[in-house]
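# Examining the three-dimensional arrangement
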Amino acid sequence: MGHTLLLLLALISSHHAIAEDNPKVDTTNYTSNREALLKAAVARDRGEITAMEPSSQASGGVIIGYSSGAVLNCYGDHSCKEFGGTPNAAVEHIAVTRQAQSEVIWVSYPHGGLYRCMRKECSKFLWDGVQVK
């Protein structure tokens, strides 16, 4: 991701320099376009961040939920692992608990959808104690 972001920033900077040197180039949308490009590069089409909660692991990190439904566990070394099995709906809330030596991530979605995630895999939690994938 670092190389992609650097390339994107270089492209934006060169576009801005060309626009400043040429009075015929319209720069009114430059700022909004730049922000949109940066957001897209960072989010990688996951949408806006809608929830975030600290990890319970000793190594730290955070659990991040996106408007696309994606859930990631990100660490201080600039790496993230995406959870599988999440629905295509905005994450509303995240709660982090422990079960023995494992971290359990609870993720809520609109209309009462609740998912239980362990070892980077999520499954829908049903109130009768049965889980489905």
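Keep in mind the model is a prediction, meaning the values are calculated, not measured.

Helix and strand counts for the protein chain come out as two helices and nine strands. Here the protein chain, with 133 residues, has 28% of them falling under the buried criterion. Residue pairs at least 24 apart in sequence account for 29% of intrachain contacts in the protein chain once pairs closer than 6 positions are excluded. Accessible surface, the protein chain as shown: approximately 8,700 Å² in total, 56% of it carbon and sulfur.

All chains considered together, the criterion is met by one salt bridge. Between R46 and E82 there is a salt bridge whose closest N-O contact spans 3.0 Å. In this pair, R46 sits in the loop between α2 (30–43) and β1 (49–54) while E82 sits in strand β4 (residues 80–82), placing the two residues 36 residues apart along the sequence. Owing to a relative accessible area of 15%, R46 belongs among the buried residues under this scheme. The class of E82 is partly exposed, set by a relative accessible area of 43%.

Moving on, we come to the packing of aromatic side chains. The full count for this structure, using the stated rule, is two aromatic pairs. Ring centres 5.2 Å apart and planes at 80° place the aromatic pair W106 and F125 in the edge-to-face group. Of this pair, W106 sits in strand β6 (residues 102–109) while F125 sits in strand β8 (residues 121–125), and the two are 19 residues apart along the sequence. Taking the relative accessible area as the measure of exposure, W106 reaches 23% and is therefore partly exposed. Consider the rings of Y109 and Y115, whose centres lie 5.3 Å apart with planes at 80°: the pair is edge-to-face. Here Y109 and Y115 have matching classes, each one buried.

A few words now on the environment of E82. In sequence terms E82 and I64 are 18 residues apart; their C-alpha atoms lie 9.5 Å from each other. Apart from the residues lying within four places of it in its own chain, the contact partners of E82 are R46, A70, V71, L72 and K120. Here the side chain of E82 touches R46 through a polar contact of 3.0 Å, side chain to side chain.

About the thresholds
Residues numbered from 1 in each chain as written. Predicted model: local features only at pLDDT ≥ 70, side-chain atom pairs only at ≥ 80, totals over all residues. Heavy atoms only, no water. Helix = DSSP H or I, 4+ residues; strand = E, 2+ residues; numbered from the N terminus. Buried < 20%, exposed > 50% of the residue type's maximum accessible area, 1.4 Å probe, protein only. Contact = heavy atoms within 4.5 Å. Areas by Shrake-Rupley, 256 points an atom, 1.4 Å probe, with all protein chains shown as cover. Salt bridge = Lys/Arg side-chain N within 4 Å of Asp/Glu carboxyl O. Phe/Tyr/Trp six-rings, centres within 6.5 Å; stacked < 30°, edge-to-face > 60°. Polar contact = N/O pair within 3.5 Å; in protein donor to acceptor, adjacent residues only side chain to side chain.

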